[in-house]
Amino acid sequence: MYSISLEQRKEGKKIGFVPTMGFLHEGHLTLVRKATELSDFVVVSIFVNPIQFGPGEDFDKYPRNPDRDCRLLRELGVDVIFIPSENDMYSADYSVFVDETMLSKGLCGTHRRGHFRGVTTVVAKLFNIVQPHVAIFGEKDFQQARIIQRMVRDLNFPVEIVVAPTAREPDGLAMSSRNTYLSPAERRQATVLFKALCQARQMSQDNPPDISTLRKLTEQTILQQYDKSNYIPVKIEYIEIVHDQTLVPLEKIVHPARMVIAVRIGNTRLIDNILLK
Ligand code: AMP
């Protein structure tokens with residue numbers, strides 16, 4: 001991969017890169033289209049990164065379908081699909097990590113210990129291998145996008161980071177490879193996430209309530225059961241209102257505030273976020 005990229009760079013081509021874990025959906029494809037717009041040579045990686053999954057998480061059952069992924073990417077005219085093996089990426093005795101130490105502490109960092117260290121490490125490695133000029137990440141994984149921007153700033157990676165908007169299903173659910181885990185009843189229940197976020201945005205724009213009221217109302221909406229005949233366990237991991245750039249929890253809704261949420265619907269953990277103001 002590295003030599004292909006150097007060759008392209010010598011020819012003056014701009015390399016665009018989209019790292020993914022595969023099982024592609026329209027959200028991934030919007031990132032790829034953005035990369036095509038912004039560069040001359042597009043690389044997409046597919047790698048389910050073991051070190052960003054904690055013990056007991058879904059690494060083994062994470063959905064995979066590389067044949068379908070490759071077909072979709074070829075249809076979009078992607079130049080290189082990079083699918084490294086675990087051995088390609090990690091020597092048996094690997095011992096160096098990239099660790100962001102501020103933005104990764106709260107939110108998903110609290111609930112998924114070591115997750116972001118796995119993410120920053122693999123993205124740093126992929127940047128070194130792919131040598132992109134620009135890399136596209138999704139707003140859906142908002143904390144991840146901010147952490148990558150911080151990594152690039154603090155470690156002087158010569159890569160421009162572009163954050164592309166969240167692609168949603170027609171009923172508002174953020175697209176995710178993990179949505180395939182949802183049963184039909186859970187899938188219906190999952191629409192509460194985006195409804196609650198939109199409601200929170202609406203309330204913050206009209207006549208903002210205080211933060212604790214806004215969180216409480218959002219919580220109530222999320223816990224409300226849509227399918228009364230079929231109880232679905234819903235567990236809120238967090239509902240936070242944070243500064244859009246620094247991810248610091250806010251005491252008042254000020255510009256730019258973002259609501260970020262993580263919710264378990266049945267056994268499936270879903271995340272989403274919205275800019276409030
Ligand atoms: P993943 O394969 O889940 O690791 O995601 C790869 C990239 O796609 C990340 O930058 C994600 O933020 C992005 N992504 C995932 N879902 C969506 C979505 N619904 N809309 C936009 N980007 C997304």
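Structural data are supplied above this passage.
Calculation rules
Residues numbered from 1 in each chain as written. Predicted model: local features only at pLDDT ≥ 70, side-chain atom pairs only at ≥ 80, totals over all residues. Heavy atoms only, no water. 1 Å grid on protein atoms, 1.4 Å probe; cavity = no way out; pocket = protein on both sides within 12 Å on 5 of 7 lines; lining within 4 Å. Points joined across faces, edges and corners; volume = space filled by probe spheres on them. Nonpolar A, V, L, I, M, F, W, Y, C, P; charged D, E, K, R; others polar. Buried < 20%, exposed > 50% of the residue type's maximum accessible area, 1.4 Å probe, protein only. Pairing = 2+ DSSP bridges. Helix = DSSP H or I, 4+ residues; strand = E, 2+ residues; numbered from the N terminus. Right-handed = clockwise from strand over helix to strand, strands pointing away. Core = buried A, V, L, I, M, F, W, Y, C linked by side-chain atoms within 4.5 Å. Contact = heavy atoms within 4.5 Å. Phe/Tyr/Trp six-rings, centres within 6.5 Å; stacked < 30°, edge-to-face > 60°. Lys NZ or Arg CZ within 6 Å of the ring centre and 35° of its normal.

Quick word on empty space enclosed by the protein
Inference 1: One pass over the structure, following the stated rule, counts 1 cavity of 30 Å³ or more.
Inference 2: Approximately 30 Å³ is the volume found for the largest cavity.
Inference 3: The wall of the largest cavity is formed by Lys-140, Leu-173, Ala-174, Ser-176, Asn-179, Leu-193, Leu-270 and Ile-271.
Inference 4: For the lining of the largest cavity, the per-class residue count stands at 5 nonpolar, 2 polar and 1 charged.

What about unusual backbone geometry?
Inference 1: With omega at -5°, the peptide bond leading from His-255 into Pro-256 counts as cis.
Inference 2: The residue Leu-107 is not glycine, and still its phi comes out positive at about 50°.
Inference 3: For Leu-107, a relative accessible area of 11% puts it in the buried group.

Side note on the pairing of strand 5 (residues 160-164)
Inference 1: By the bridge criterion, 5 bridges tie strand 4 (residues 134-138) to strand 5 in an arrangement that is parallel. For Ile-136, the partnering residue across the bridge sits in strand 5 and is Val-162.
Inference 2: Handedness of the crossover is the feature at issue here: the chain leaves strand 4, passes through helix 7 (residues 142-154), returns alongside strand 5, and the resulting connection is right-handed.

Some remarks on the nonpolar core
Inference 1: Judged by nonpolar contacts, the single largest core of 39 residues is most densely connected at Val-43, Val-123, Phe-127, Phe-137, Ile-148 and Ile-161.
Inference 2: When residues of this core are traced back to their parent elements, those giving at least two are strand 1 (15-20), strand 2 (41-46), strand 3 (80-82), helix 6 (115-130), strand 4, helix 7, strand 6 (234-243) and strand 7 (257-265).
Inference 3: For this core, the element with the most residues is helix 6, which contributes 8 residues.
Inference 4: Those residues in contact with Ile-161, other than ones at most four positions away along the chain, are Phe-127, Ala-135, Phe-137, Ile-148, Gln-149 and Val-152.
Inference 5: Counting residues in each nonpolar core, the second largest holds 26 residues, with Ala-190, Leu-197, Ile-241 and Ile-253 among its members.

Let's talk about the packing of aromatic side chains
Inference 1: Overall, the coordinates contain 8 aromatic pairs when judged by the stated rule.
Inference 2: A ring pair is formed by Phe-53 and Phe-59, whose centres lie 5.4 Å apart and whose planes are at 65°; its orientation type is edge-to-face.
Inference 3: Seen from their ring centres, Phe-53 and Tyr-62 are 5.9 Å apart, and the 75° between their planes marks the pair as edge-to-face.
Inference 4: Residue Phe-53 is classed as buried on the basis of its relative accessible area, which comes to 10%.
Inference 5: Each residue in the set Phe-17, Phe-127, Phe-137 and Phe-157 is aromatic and connected to the rest through ring pairs, giving one cluster.
Inference 6: The side chain of Arg-258 reaches across the aromatic face of Phe-142, ending 3.9 Å from its centre.

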